[in-house]
Amino acid sequence: MATVHSATCAEALQRVVGAFPAEIQASVAAQLADCILAVITQRLRFRPDLNIRVPECEIMMATHAVRSFIRNRDFFKIHLVD
């Protein structure tokens, strides 16, 4: 469990892997792909009709396709998965 400042689930994963030295990022991505269950992001969206900010969440489950994208560090492809 971790808190990372990012706008999307894919960006959060990319930031975690990118926090490690370049020479071990492939290994980190592979280990992360093997052990991750889900990623949840939350951002505050302004609702003009209510004149308040409300939480908006994105939940990404670690499907086979998502794990493959993480392992290959193809984070930009994660949003394409249904």
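Within every chain, residues take consecutive numbers counted from 1 along the sequence as written. For this predicted model, a pLDDT threshold of at least 70 governs which residues receive local features, and a threshold of 80 or more governs which side-chain atom pairs are given and counted, while totals over whole chains, interfaces and linings are taken from all residues. Note: side-chain values were computed over all heavy atoms of the structure, leaving out hydrogens and water.

1. Points about the overall build of the chain
By the criteria applied, helices consist of DSSP H or I runs no shorter than four residues and strands consist of E runs no shorter than two, each listed in order from the N terminus. Counting its secondary structure elements, the chain contains three helices and two strands. Ordering the α and β elements of the chain from the N terminus gives α-α-β-β-α. Expressed along its principal axes, the backbone C-alpha trace of the chain runs to roughly 50 × 25 × 20 Å. Scored against the burial criterion, the 82 residues of the chain give a buried share of 27%. In the chain, of all internal contacts separated by at least 6 residues, the share reaching a separation of at least 24 is 43%. Here, Shrake-Rupley sampling with a 1.4 Å probe gives the accessible areas, and only protein chains in the shown set may cover a residue. Of the roughly 5900 Å² of accessible surface on the chain, a fraction of 57% belongs to carbon and sulfur atoms. Two residue types count as positive, namely Lys and Arg, and two as negative, namely Asp and Glu; His and chain ends fall outside the count. For the purpose of locating charges, the reference atoms are NZ of Lys, CZ of Arg, CG of Asp and CD of Glu. The average position of the 9 basic charges and that of the 8 acidic charges among the side chains of the chain differ by 2 Å. Three exposure classes are used, based on accessible area relative to the maximum for each residue type with a 1.4 Å probe and protein chains only: buried under 20%, partly exposed in between, and exposed over 50%. Contact between two residues is taken to exist if any of their heavy atoms lie within 4.5 Å; hydrogens are not considered.

2. Here we look at the side chain of Gln 25
Assignment of secondary structure puts Gln 25 in helix H2 (residues 25–35). Gln 25 gets classed as buried once you look at its relative accessible area, which sits at 17%. Residues adjacent in sequence count toward polar contacts only when both atoms are side-chain atoms; beyond that, a polar contact is any pair of N or O atoms within 3.5 Å, and within protein one must be able to donate a hydrogen and the other to accept it. A polar contact of 2.9 Å, which involves the side chain of Gln 25, links it to the backbone oxygen of Phe 20. Each residue touching Gln 25, except ones within four places of it in the same chain, is listed here: Val 17, Gly 18, Phe 20 and Arg 73.

3. Structural notes on the environment of Cys 35
Tracing the backbone shows Cys 35 in helix H2. Of the residues examined, Cys 35 reaches a relative accessible area of 55% and is grouped as exposed.

4. A few points about the state of the cysteines
Each disulfide consists of a covalent bond between the sulfur atoms of two cysteine residues. In this description, a disulfide is simply a cysteine sulfur pair whose atoms lie within 2.5 Å. One pass over the structure, following the stated rule, counts zero disulfides. We note that Cys 35 lacks a disulfide partner, and the nearest cysteine sulfur, in Cys 9, lies 15 Å from it.

5. Description of H2
Residues of H2 that are buried include every one of Gln 25, Val 28, Ala 29, Leu 32 and Ala 33, and no others. All buried residues of H2 fall inside an arc of 135° around its axis, so they share one side. Within H2, the exposed residues directed more than 90 degrees away from the buried face are Gln 31, Asp 34 and Cys 35. Where H2 is buried, its residues meet helix H1 (9–18) and helix H3 (64–71). Directions from the helix axis toward the C-beta atoms define the arc.

6. Focus on the pattern of salt bridges
Whenever a carboxyl oxygen of Asp or Glu lies within 4 Å of a side-chain nitrogen of Lys or Arg, that contact is scored as a salt bridge. Inspection of every chain in the model, using the stated rule, returns six salt bridges. Here Glu 58 makes a salt bridge to Arg 43, at a shortest N to O gap of 3.8 Å. Note that Glu 58 is positioned in strand S2 (residues 52–61) and Arg 43 in strand S1 (residues 38–47), a separation of 15 residues in sequence. Under the relative-accessibility criterion, Glu 58 is labelled partly exposed at 27%. Classification of Arg 43 by relative accessible area gives partly exposed; the value is 28%. The partner of Glu 56 in a salt bridge is Arg 45, with the nearest N and O atoms 2.7 Å apart. Of the two residues, Glu 56 is situated in strand S2 and Arg 45 in strand S1; the sequence distance between them amounts to eleven residues. Exposure remark for Glu 56: the relative accessible area of 26% places this residue in the partly exposed category. Here the salt bridges do not stand alone but share partners, grouping Arg 43, Arg 45, Glu 56 and Glu 58 into one network.

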